[in-house]
Amino acid sequence: MAKYIIEGGAPLHGRVKVYGAKNSVFKLMLAAALSDQPSTISNVSLVRNVYVVKELLERLGGSVGFGENRTAVVHAENLKSFEIPQELGKESRASSMLLPILLHRFNKAKVPFPGGDNIGARSLDRHFAGLEKLGAKIATDGEFIVAEAPNGLEGADYTFEKNTHTGTETLLLAAVLAKGTTTLENCAEEPEVGDLINFLNLMGAKVQRVEKRKIVIEGIEKLHGAEYSAMPDQNEVVTFAAAALATKGDITIESAKEEHLTAFLERVEQAGGGVEKSEEGIRFFHQGELRATNVETTPYPGFKTDWQALWVTLMTQAHGESLVHERVYESRFGYVEDLKKMGANIELFNPSVENPQQTYNFNLEDRKENSFHAAKVTGPTKLHGADLVVSDIRAGATLTLAAITAEGKSTLENIEMIERGYENLEER
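Residues numbered from 1 in each chain as written. Predicted model: local features only at pLDDT ≥ 70, side-chain atom pairs only at ≥ 80, totals over all residues. Heavy atoms only, no water.

**Observations concerning the pattern of salt bridges**
Pairs can form between side chains of opposite charge whenever their charged atoms are close. What counts is decided by this rule: Here, a salt bridge means any Lys or Arg side-chain nitrogen found within 4 Å of an Asp or Glu carboxyl oxygen. Runs of E in the DSSP output that reach at least two residues are strands. Runs of H or I that reach at least four are helices, and both are numbered from the N terminus. Burial status follows relative accessibility: with a 1.4 Å probe on protein chains alone, a residue under 20% of its type maximum counts as buried, one over 50% as exposed, and anything between as partly exposed.
Taken as a whole, this structure holds 25 salt bridges when the rule is applied. A salt bridge links E58 to K54, with the nearest nitrogen and oxygen atoms 2.8 Å apart. Taken together, the residues E58 and K54, both in helix α2 (residues 48–59) and four residues apart, mark about one turn of the helix. Judged by relative accessible area, which is 19%, K54 ranks as buried.

Right under this line is the structure:
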């Protein structure tokens, strides 16, 4: 098994380019499978999740070819199966998003429950309720999701109970070829959702975000192929930015989009980090001691849950006491014990909130006993090297950040989890 061996304590300097967002590229690949014609997606990140989706589509009878200049050509004319084997569902969240595609192609689908990072329950109930509103019948047996729509999907009005990024995208894939008009309310605002909408419209769909959280889709009979360049990965930008600031370095990140990072940039400037914006990207640099800065995660355009662990690690190097409140997932502090093993001063707790049902985006019944939703970080502390095992993508990036910040040698095992979302992180 591959592992990282990291000698920490050196400031990071230089330039790095980020490629297509992992959470956008694989969904664009799935959307391409709604058409019989080939589509070409460029600016593709060659990460493990993208290869998993390639395997999923090819198992169904489609083809995915990677070409020069980071392009992926997806051709799904010859899809021949409506069923995904269980072993392919364990590696990605993508399997549930195949439901609308298979329902359109075969009027039925059988896919395994999706795997992915161990960061909380990430319930599919909002996805299922929306698909059922459009006419699908869904049953589960604990291992597989079985869906059918003998007469095809039909447009409907649906309001998400709580914000759901993947749920919004799943319903978009279902509605573009459904009969009639679909109106989705309380939709996710993430840039990746906008990326998917732009691509679907290039394929001939009629999708319009009429308000920030309201999307109207006029169903059409057929989509055609298209060429599209995926948006840059904002989570990678935050990872490299945190690395520059935590190590007292200086990194220019090419392709970084300011409009995707507003909440993060605001906190960096509050904390005293250096930020310089230009047409080519964003430079992050050390310009003095960092100040403790509080954050709470919320759906976009707020401070993203994907950035939470990186921020906690960065705050171990800031002066004062920082409070970090996780409001999106019920279990996303699993990495904290590893940071404490490295010398971090972090205390987990549950803050007092007046209305938990409105405060938290997760289902309250999914909370496990002794789960914590906030962290108090006291700094600055000198981190030291340790032997660690990676549990998920973001924890992997976090522990890599901690290791390069720490004095001494660290080893990170199970780095395959990091490779699911980061391409050649160690080289870059």
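Moving on from the coordinates now.
**Looking at the sheet that holds strand β19 (residues 345–349)**
Applicable threshold: Any two strands are treated as partners once DSSP identifies two or more bridges connecting them. Here, two residues are considered to be in contact whenever any of their heavy atoms come within 4.5 Å of each other. Structural elements are reduced to axes, namely lines fitted to C-alpha atoms, with helices fitted over the stretch in contact, and the angle between N-to-C directions of any two is expressed from 0 to 180 degrees.
If you trace the four strands from one edge of the open sheet to the other, you get β17-β18-β20-β19, paired in mixed fashion. Unpaired on one side and paired on the other, β17 (295–296) and β19 mark the two borders of the sheet. Sitting on the sheet, helix α10 (residues 308–315) is in contact with β17, β18 (320–325), β19 and β20 (374–379), with an inclination near 170 degrees to β18.

**Points about the side chain of N43**
In this fold, N43 is placed in the loop between β3 (39–42) and α2. Dropping the residues within four chain positions of it, N43 is found in contact with Y19, G20, V25, N69, R70, S229, A230, M231 and P232.

**Considering helix α8 (residues 234–246)**
This is how the line gets drawn: One fewer than the residue count of a helix, multiplied by 1.5 Å, yields its expected span. Counting of polar contacts relies on pairs of N or O atoms within 3.5 Å, with two restrictions inside protein: one atom must be capable of donating a hydrogen and the other of accepting it, and residues adjacent in sequence are counted only when both atoms are side-chain atoms.
The first and last C-alpha atoms of α8 sit 18 Å apart over 13 residues, in line with the 18 Å expected at 1.5 Å per residue. Most of α8 is tucked away, with 13 of its 13 residues classed as buried. Where α8 begins, one side-chain oxygen reaches toward the backbone nitrogen of N235, 2.9 Å away; that side chain belongs to D233. Phi turns positive one or two residues past the end of α8, at K248, with a value near 60 degrees.

**Concerning the packing of α10 against helix α13 (residues 393–405)**
We apply this condition: Each angle gets one of four labels, with under 35 degrees taken as roughly parallel, over 145 as roughly antiparallel, 65 to 115 as roughly perpendicular, and the rest as oblique. Handedness of each helix crossing follows the sense of rotation of the near helix against the far helix: counterclockwise by less than a right angle gives left-handed, clockwise gives right-handed. Residues are sorted three ways: Asp, Glu, Lys and Arg are charged, Ala, Val, Leu, Ile, Met, Phe, Trp, Tyr, Cys and Pro are nonpolar, and all the rest, Gly among them, are polar.
For the pair α10 and α13, the least separation of the axes is 8 Å and the interaxial angle reads 15 degrees. Considered as vectors, α10 and α13 are oriented roughly parallel to each other. With respect to the hand of their crossing, α10 and α13 are arranged in right-handed fashion. Contact residues: A309, L310 and T313 in α10; A397, T398, L401 and A402 in α13. Class assignment of the residues belonging to the contact of α10 with α13 gives a composition of five nonpolar, two polar and no charged.

**Focus: the confidence of the model for the protein**
The line we're drawing: The quantity called pLDDT is the predictor's confidence in a given residue, expressed from 0 to 100.
On average, residues of the protein score 94 in pLDDT, and 97% of them reach the 70 mark or higher. A low-confidence stretch, residues 117–122 stays under pLDDT 50, and its non-local contacts, those more than four residues away or across chains, total 19 contacts.

**Here we look at the sheet that holds strand β22 (residues 408–413)**
Taking strand neighbours across the sheet as the criterion, the three strands line up as β1-β22-β21 in an open arrangement whose pairing is mixed. The open sheet is flanked by β1 (3–8) and β21 (387–389), the only strands paired with a single partner. Sheet twist, expressed as the average angle between the axes of neighbouring strands with direction ignored, equals 20 degrees. Of the pairings in the sheet, the one linking β1 to β22 comprises six bridges and is antiparallel in character. By the bridge assignment, G8 is partnered in β22 with G408.

**Focus on the packing of aromatic side chains**
Our working definition: Centre distance within 6.5 Å is the pairing criterion for rings of Phe, Tyr and Trp, where only the six-membered ring of Trp is used; planes under 30 degrees apart are then read as stacked, over 60 as edge-to-face, and the remainder as tilted. Here, over-ring charges are defined by two tests on the NZ atom of lysine or the CZ atom of arginine: distance to the ring centre within 6 Å, and angle to the ring normal within 35 degrees.
Counting across every chain of the model gives 11 aromatic pairs. Their ring planes at 75 degrees and their centres at 5.7 Å tell us that F303 and W311 sit as a pair that is edge-to-face. Classification of F303 by relative accessible area gives buried; the value is 1%. For the pair F333 and Y335, a centre-to-centre distance of 6.3 Å together with 40 degrees between the ring planes defines the contact as tilted. Taken as a pair, F333 and Y335 share a single burial class, namely buried. Aromatic rings pair up to connect F264, F284, F303, W307 and W311 into one cluster. Note that K110 overlies the ring of F144, its terminal NZ or CZ placed 4.8 Å from the centroid. A cation over an aromatic ring shows up here: R283 above the ring of F285, its NZ or CZ 3.9 Å from the ring centre.

**Some words on α10**
The buried count for α10 comes to eight of eight residues, which makes it a mostly enclosed element. Q308, A309, L310, W311, V312, T313, L314 and M315 are the residues of α10 that are buried.

**Topic: the nonpolar core**
Cut-off, in case you're wondering: Residue types Ala, Val, Leu, Ile, Met, Phe, Trp, Tyr and Cys, when buried and joined through side-chain atoms within 4.5 Å, form a set referred to as a nonpolar core.
If you look at the biggest cluster of nonpolar residues, it comprises 73 residues, and the most contacted ones within it are M29, L30, L57, L98, L172, V176 and L200. At seven residues, the largest contribution of residues to this core is made by helix α1 (residues 22–32). Residues within four places of V176 in sequence aside, it is in contact with L34, L200, A205, V207, I217, E218, G219, I220 and L223. Of all hydrophobic cores here, the second largest spans 65 residues; its members include L245, V324, A386 and A395.

**Let's talk about the environment of G385**
Tracing the chain through its elements places G385 in the loop between β20 and β21. Sequence separation between G385 and E354 is 31 residues, and the spatial gap between their C-alpha atoms is 40 Å. Those residues in contact with G385, other than ones at most four positions away along the chain, are A406, E407, K409 and S410.

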